Amino acid sequence: MEPPPERRQEPPALTEAAAEFLSLIGPEELERCLFAETLEVVAAGAQAGGQWWAAARWAPYERAGEPVRSCLLVQAGSRSRQDGVPCSSTLKAYVTPQLETLEQEEQERLELRAHPIERRTHMVSHQHGMTVTKTLREGEAEQQHRSFSYSQVELRGLLPEGASLLLLRVLGCQRAVPPGLTFPTIDTEGHLCNSSYRALGIQQQVVGSADVEVFVIERAVHTSAGISTVWHSSFLSSGRLAQRVQVGCPMLMLLQDESVLGKTGGVEPRPPFPKQPLDWEEDIQLCSWFLDRKVRWRTGGEGDMGLCHPPAGSPLGWGHSGDQAGLHPPQAPQVWKRTQASCPLTLARCLAGDIGACVHPAYLPQEELQASHAAYIQQHPELRVLLADFLQALLLQQPPDPVSFAAQFFAPFARQQTPETPFASVGAASPLPRPTPGHPPAIGE
């Protein structure tokens, strides 16, 4: 590993104005910077030659042996042509809310047919400071590696490319740059140097067919060799870029999507959807769920909420008024509580006159009751087909008296049929024809 290169200038340092400004950046300012944007890369001939994009969002950062941290993921990239040669670049950085860089990787590629060139810069922070690794590959030649290490003291207030994009968005939203804003950074060669920021004022710029005001900020990177690289970035009031250009470069990045002018910074709120009224009685599926889970037979007086009474005159011999005189378990339980586990199969079996189906749940825990019903259903798979046929016939014919219809539908399946109708209190005519004498025997006989 090589030591840091010798510097002909004073060591880069964080100015007091820059340190104070960093301390004032809070969650609200950062939330306004979380969005994605795209600019068109335009050549000197005013022809679009590619795209540049950048995005920022919250993301977890995980490193071996350390707890997961919530930080800002900054990504950017571009693809264009320089003198007819395709070139591309990518940036990926994990930055803390205090704009400290945890890890960053930059890649640049010049896609020459015979001699492609690829440069990578990877920097990662650790407890002793930061390590910067430069990788260069030209054509088929072997990769070249160089590494530099910097201490924590040298890195105080360090603002590489990823953190710089966030800072520029914050400044663009505030439309002001404090004087003397200087931060240490790392140049393209991996050397530590200074970067300064200053405001160039309000200017007019054309976006699509609209003429808008933009706030222009200058960022200059002063390398240790005495050469400065300068960018001018024009921001809308929302913090979105309208133009980005490197001074002296024939390529510039322009915003050409006029719809962006109406957008605000930060995470865009979801479009409001008015609440639609829900009529569950008109929804056949919701109505079916309601009947399966919540329907209760209730013919008693006040205080019988949740208690179920069979209709008077049923083959079960239960009374109508709820009087329990002369009816004691286990001979004929008079009142039983309606539960989710007893519907809908218990209802069908009671309608068919199967007294054994109507077990008083007070004598069984709910878990046992559910297990008992589940075992019964498993032992009798024909029940699902039987109930499906009944519901289909009920919905197709829609009889005015569903109780009488159910009695007539399940009557052929009763093991013991009485000559009279099972529901003596119902005098309506049967909607179904009576079974013929030669009807097949009931299931299970």
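Residues numbered from 1 in each chain as written. Predicted model: local features only at pLDDT ≥ 70, side-chain atom pairs only at ≥ 80, totals over all residues. Heavy atoms only, no water.

1. Thoughts on a nonpolar patch on the surface
Here's step 1: Taken together, the side chains of Leu278, Trp280, Phe290 and Leu291 present a nonpolar region at the surface, about 390 Å² in accessible area.
Here's step 2: Within the secondary structure, Trp280 sits in the loop between β14 (252-254) and α4 (284-294).
Here's step 3: Look at Trp280 and you get partly exposed, because its relative accessible area is 32%. (Patch = residues over 30% accessible without salt bridge, like charges linked within 9 Å, V, L, I, M, F, W, Y side chains within 5 Å. Areas by Shrake-Rupley, 256 points an atom, 1.4 Å probe, with all protein chains shown as cover. Salt bridge = Lys/Arg side-chain N within 4 Å of Asp/Glu carboxyl O. Helix = DSSP H or I, 4+ residues; strand = E, 2+ residues; numbered from the N terminus. Buried < 20%, exposed > 50% of the residue type's maximum accessible area, 1.4 Å probe, protein only.)

2. A look at the environment of His128
Here's step 1: Mapped onto the elements of the fold, His128 is located in the loop between β6 (117-126) and β7 (129-138).
Here's step 2: Here the alpha-carbon distance between His128 and Ser151, two residues 23 residues apart in the chain, equals 6.0 Å.
Here's step 3: If we skip the residues at most four places from it in the chain, His128 touches Tyr150, Ser151 and Gln152. (Contact = heavy atoms within 4.5 Å.)

3. Comments concerning the pairing of strand β8 (residues 144-151)
Here's step 1: Note that β7 and β8 share eight bridges and pair antiparallel. When the sheet's bridge partners are listed, Thr131 is paired in β8 with Ser149.
Here's step 2: From the end of β7 to the start of β8, which pair antiparallel, there are five residues, and Gly139 there has a positive phi angle of about 60°. (Pairing = 2+ DSSP bridges.)

4. Re the nonpolar core
Here's step 1: Formed by 47 residues in total, the largest nonpolar core has its most connected members in Leu99, Leu167, Phe183 and Tyr197.
Here's step 2: Take this core: its biggest share by element is seven residues, from helix α3 (residues 161-174).
Here's step 3: Leu167 has contacts with Phe21, Ile25, Leu99, Leu159, Phe183 and Tyr197, leaving out every residue within four places of it along the chain. (Core = buried A, V, L, I, M, F, W, Y, C linked by side-chain atoms within 4.5 Å.)

5. Digging into the pattern of salt bridges
Here's step 1: By the definition in use, this model includes nine salt bridges.
Here's step 2: For Glu189, the salt bridge identified is with Arg146, shortest N-O distance 3.5 Å. You can see Glu189 sitting in the loop between β9 (181-186) and β10 (192-207) and its partner Arg146 sitting in strand β8, a full 43 residues away along the chain.
Here's step 3: Given the relative accessible area of 40%, Glu189 is considered partly exposed.

6. Considering the side chain of Ser80
Here's step 1: Summarising the element assignment, Ser80 is placed in strand β3 (residues 69-82).
Here's step 2: Owing to a relative accessible area of 12%, Ser80 belongs among the buried residues under this scheme.

7. A word on unusual backbone geometry
Here's step 1: Here the phi dihedral of Arg175 falls at roughly 55°; this positive angle occurs in a residue that is not glycine.
Here's step 2: Mapped onto the elements of the fold, Arg175 is located in the loop between α3 and β9.
Here's step 3: The backbone of Gln398 sits at a positive phi, close to 45°, despite the residue not being glycine.
Here's step 4: One can find Gln398 in the loop between α7 (382-397) and α8 (402-410).
Here's step 5: With relative accessibility at 61%, the residue Gln398 sits in the exposed group.

8. Description of the pairing of strand β13 (residues 241-246)
Here's step 1: Two strands pair when backbone bridges link them, and strand β12 (residues 228-235) and β13 are joined in this way by five bridges, in the antiparallel orientation. In the strand pairing of β13, Phe235 is matched with Leu241.
Here's step 2: What sits between β12 and β13 in their antiparallel hairpin is a turn of five residues, with Gly239 showing a positive phi close to 90°.
Here's step 3: In terms of strand pairing, β13 meets β14 through three bridges, oriented antiparallel. Its bridge partner being in β14, Arg244 is matched across the sheet by Met253.

9. Structural notes on the confidence of the model for the protein
Here's step 1: In the predicted model, the protein carries a mean pLDDT of 76, and 70% of its residues have values of at least 70.
Here's step 2: Within the protein, strand β16 (residues 336-337) has the poorest average pLDDT of any element, 38, and α3 the best, 94.
Here's step 3: Contacts of residues 421-428 to residues separated by more than four positions or lying in other chains number 15 contacts, the stretch itself having pLDDT below 50. (pLDDT = per-residue confidence, 0-100.)

10. Concerning the state of the cysteines
Here's step 1: Across all of its chains, the model carries zero disulfides by this definition.
Here's step 2: Of the cysteine sulfurs around Cys173, a residue in no disulfide, the closest is that of Cys33, at 5.0 Å. (Disulfide = S-S within 2.5 Å.)

11. A closer look at the environment of Pro184
Here's step 1: Tracing the backbone shows Pro184 in strand β9.
Here's step 2: C-alpha of Pro184 to C-alpha of Pro160: the two residues are 24 residues apart in sequence and 8.1 Å apart in space.
Here's step 3: Setting aside anything within four residues of it in sequence, one finds Pro184 in contact with Pro12, Ala13, Leu14, Glu154, Arg156, Gly157, Leu158, Leu159, Cys193 and Asn194.

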